[in-house]
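# Survey of secondary and tertiary structure
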Amino acid sequence: MTKDMTNGSPIKLIAGFALPMLLGMLFQQFYNLVDTMIVGKTLGVDALAGVGATSGINFMIIGFCMGVCSGFAIPVAQQFGAQKYSELRRYVYNSFYASAFFAVVVTALSVIFCSQILTLMRTEDKLFAYSYNYINVIFIGIPTVFLYNITSGIIRSLGDSKSPVVFLVISAVINIGLDYLLILGFKMGVAGAGWATDISQLISGVSCYIYMMKKYDILHCSNLQNSGKYAAKSEKKLSMKHIKNLCFVGLPMGLQYSITAIGSVILQAAVNTLGSVYVASMTAASKMFNFTCCPFDALGSTMATYGGQNVGAGKTERLGKGIRAAGLIGIIYSFIAFGILYFTADKIALLFMDSSEVEIIKYTRMFIMASAAFYIPLTFVNVIRFCIQGMGFSGFAILAGVFEMFARGFAALVLIPVIGYQGACLSNPLAWIAADVFLIPAFIYCKHKLEKMRRI
């Protein structure tokens, strides 16, 4: 049920591990697309723009939750690579305790200050109710975000990228059914899309947890040799030492997402001032972007596990080989994605709006093509950043996020006032190039530092 990524061809291991994750992410984006399609087609452009106006704050807060969970899974991958299974179990159980704490705190703060956040983002008056009704429901479901991401992250750390996909597919089907039921059947509007997401994610999280605890013998002390009741209890005990180590890795990863998202929030606020046509255009383009970027996200998550296991096993010489293998896969896909989008972007935009919305379709294409032209830099942002995180240097990921934040802030505060919507279209390329300028030398430094530690 587990997979050792410390031996064998890096490109085969990375491709084989990333493919199931890619399928799961595609399904996840598929039901996100369905949310957007139903909202845009049945509730109108203002509802679509209202949901889209929350994308920056959604990314900032939900991204923090996902980043923290990804970070919590890295010590598990490292202990698996080192074959220290008792320590592995201690990290697993303490990651649940830490996740529960953060879930309560983040949910409470997000729900309480939801209205104020939307006001700070200069959400247009006619869109405010749509934005609030949607994002507040998403915030209520933050505990389900933690539940799914920590369980699926642990499963992937053990080398199994296939099992979480099964539950995600089931969740996607349920989400689509709930979309139609709650939005069209019960007339719940944009809130229905939010509740559909919460409920389906809860189902996938609970399913992953039950499966993980039943199927992985490595997580059960009683099933392993030389382990008694005392050992079992000690491994499940709350340990501030393990909590501290988890937070040392997890919090920087969560903050990396949030810091990156601050730039997106600033950008979103600037676009919000341009009017609902531009907000709707960027919303539709962002959904297309999220779908086409799933391979990059899959490669990044793969490299976190690959990096963690190989560092745990002391095989730092495999890190560079992994970067090159994942980079090659990403480059090939970048050319394919650009070609497909060049000929189909206009048609894909019709999924979210009627053909009469000529202006919105034009601006949607403009945004997505500007991003697609720079997918190769995005490849290395994901591959190198997640590898560095897996190596245990999460602080460097924060700095990469700072570079992205300043680049998007420059687009929002300097370019948009001068050249308008075109400035928003340049925001992603600028952010990715800025991050790569930092990440490439950062990886070289981290690798040399690990090799020096091994020699000592």
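Residues numbered from 1 in each chain as written. Predicted model: local features only at pLDDT ≥ 70, side-chain atom pairs only at ≥ 80, totals over all residues. Heavy atoms only, no water.

From N to C terminus, the protein chain includes 19 helices and zero strands. Since a compact globule built from 456 residues should have a radius of gyration of about 23 Å, the 21 Å found for the protein chain is in line with a globular shape. When the backbone C-alpha atoms are referred to their principal axes, the protein chain occupies close to 70 × 45 × 35 Å. Surface accessibility of the protein chain: about 18,400 Å² in total, with carbon and sulfur atoms responsible for 68%. The distance from the centre of the 34 positive side-chain charges to the centre of the 20 negative ones in the protein chain is 13 Å. (Helix = DSSP H or I, 4+ residues; strand = E, 2+ residues; numbered from the N terminus. Rg over C-alpha atoms; globule rule 2.2 N^0.38 Å. Areas by Shrake-Rupley, 256 points an atom, 1.4 Å probe, with all protein chains shown as cover. Lys, Arg positive; Asp, Glu negative; His and termini not counted. Charge placed at Lys NZ, Arg CZ, Asp CG, Glu CD.)

Packing of helix α3 (residues 55–82) against helix α4 (residues 85–112) leaves a shortest axis separation of 9 Å and a crossing angle of 170 degrees. Taken together, the axis directions place α3 and α4 in an arrangement best described as roughly antiparallel. Mapping the contact onto sequence places Ile61, Phe64, Cys65, Phe72, Pro75, Val76, Gln79 and Phe80 in α3 and Tyr85, Glu87, Leu88, Tyr91, Val92, Ser95, Ala98, Ser99, Phe102, Val106 and Ser110 in α4. Partitioned by chemical class, the residues of the contact of α3 with α4 number 14 nonpolar, four polar and one charged. (Axes fitted to C-alpha atoms, helices over the stretch in contact; angles between N-to-C directions. Parallel < 35°, antiparallel > 145°, perpendicular 65-115°, else oblique. Contact = heavy atoms within 4.5 Å. Nonpolar A, V, L, I, M, F, W, Y, C, P; charged D, E, K, R; others polar.)

On to the confidence of the model for the protein chain. Here the protein chain averages 89 in pLDDT, while 97% of its residues score no lower than 70. Averaged pLDDT values over the elements of the protein chain bottom out at 72 in helix α10 (residues 229–236) and peak at 97 in α4. Under a pLDDT of 50 for its full length, residues 223–227 has, in the predicted model, six contacts with residues more than four places off or in other chains. (pLDDT = per-residue confidence, 0-100.)

With respect to the element layout, threonine 302 can be found in helix α13 (residues 294–312). Beyond its immediate stretch of four places on either side in the chain, threonine 302 contacts Met5, Ile14, Phe17, Ala18 and Met21.

Next up on the list: the pattern of salt bridges. All told, the structure shown has seven salt bridges when counted by the stated rule. Across the pair arginine 89 and glutamate 235 runs a salt bridge whose closest N-O atoms are separated by 2.6 Å. Of this pair, arginine 89 sits in helix α4 while glutamate 235 sits in helix α10, and the two are 146 residues apart along the sequence. Comparing arginine 89 with glutamate 235 shows no difference in burial state: the two are buried. Between arginine 365 and aspartate 346 there is a salt bridge; the shortest N-O distance is 3.4 Å. With arginine 365 in helix α15 (residues 358–372) and aspartate 346 in helix α14 (residues 317–349), this residue pair connects regions lying 19 residues apart in the sequence. (Salt bridge = Lys/Arg side-chain N within 4 Å of Asp/Glu carboxyl O. Buried < 20%, exposed > 50% of the residue type's maximum accessible area, 1.4 Å probe, protein only.)

Our focus in this paragraph is the packing of α14 against helix α19 (residues 427–455). Two elements in contact, α14 and α19, have axes whose closest approach is 9 Å; the angle formed by their N-to-C orientations is 160 degrees. With respect to α19, the element α14 is oriented roughly antiparallel. Across the interface between the two elements, Glu317, Leu319, Gly320 and Ile323 from α14 touch Phe443, Lys447, Leu450 and Arg454 from α19. For the contact of α14 with α19, the per-class residue count stands at four nonpolar, one polar and three charged.

For the rest of this paragraph, the subject is the state of the cysteines. For the coordinates displayed, the defined rule picks out zero disulfides. Cysteine 425 carries a free sulfur, and the closest cysteine sulfur to it, the one in cysteine 293, is 15 Å from it. Owing to a relative accessible area of 4%, cysteine 425 belongs among the buried residues under this scheme. Distance from the sulfur of cysteine 446, which forms no disulfide, to the nearest cysteine sulfur (cysteine 387) is 9.2 Å. (Disulfide = S-S within 2.5 Å.)

To continue, consider the environment of serine 115. When you line up the elements, serine 115 lands in helix α5 (residues 114–120). Residue class for serine 115 comes out partly exposed when judged on its relative accessible area of 31%. When the C-alpha positions of serine 115 and phenylalanine 128 are compared, they lie 8.9 Å apart, and in sequence the two are 13 residues distant.

What follows concerns the side chain of serine 301. Relative to the assigned elements, serine 301 resides in helix α13. Overall, serine 301 belongs to the buried group, its relative accessible area being 18%. Discounting residues that sit within four places of it in the chain, serine 301 has contacts with Met21, Met25 and Phe386.

This paragraph deals with the nonpolar core. The biggest cluster of nonpolar side chains holds 75 residues, and the ones touching the most others in it are Met303, Ile368, Tyr375, Ile388, Met391, Leu439 and Phe443. Not counting the four nearest positions on each side in its chain, isoleucine 388 is found in contact with Phe393, Phe396, Leu439, Ala442, Phe443 and Cys446. By size, the runner-up hydrophobic cluster in this structure holds 56 residues, among which are Ile57, Val68, Phe80 and Ile154. (Core = buried A, V, L, I, M, F, W, Y, C linked by side-chain atoms within 4.5 Å.)

The next point concerns unusual backbone geometry. Positive phi, normally seen in glycine, also occurs at glutamine 83, with a value near 60 degrees. The residue glutamine 83 is located in the loop between α3 and α4 in this model. At lysine 187, a position not held by glycine, the phi torsion is positive, near 55 degrees. Within the secondary structure layout, lysine 187 lies in the loop between α8 (163–185) and α9 (190–215). Judged by relative accessible area, which is 67%, lysine 187 ranks as exposed.

Moving on, we come to the environment of serine 171. Position of serine 171 among the secondary structure elements: in helix α8. Given a relative accessible area of 0%, serine 171 falls into the buried group. In the structure, serine 171 is positioned 200 residues away from serine 371 in sequence and 29 Å away in space, judged by C-alpha atoms.

All right, on to α14 then. For α14, which comprises 33 residues, the first-to-last C-alpha distance of 45 Å matches the rise-based estimate of 48 Å (1.5 Å per residue) to within 8%. Along α14, the largest kink reaches about 60 degrees and is centred on phenylalanine 343. (Expected span 1.5 Å × (residues − 1). Bend = angle between axes of the 7 residues up to and from the residue.)

All right, on to the packing of aromatic side chains then. Inspection of every chain in the model, using the stated rule, returns 21 aromatic pairs. Among the aromatic residues, those joined into a ring-pair cluster are Phe289, Phe296, Tyr333, Tyr375 and Trp432. Against the face of tyrosine 342 rests arginine 365, its NZ or CZ located 5.3 Å from the ring centre. (Phe/Tyr/Trp six-rings, centres within 6.5 Å; stacked < 30°, edge-to-face > 60°. Lys NZ or Arg CZ within 6 Å of the ring centre and 35° of its normal.)

Between its first and last C-alpha atoms α3 spans 39 Å; for 28 residues at 1.5 Å apiece the expected length is 40 Å, and the two agree. In terms of residue burial, α3 counts as a mostly covered element, since 22 of its 28 residues are buried. Phi turns positive, to about 60 degrees, at glutamine 83, one or two residues after α3.

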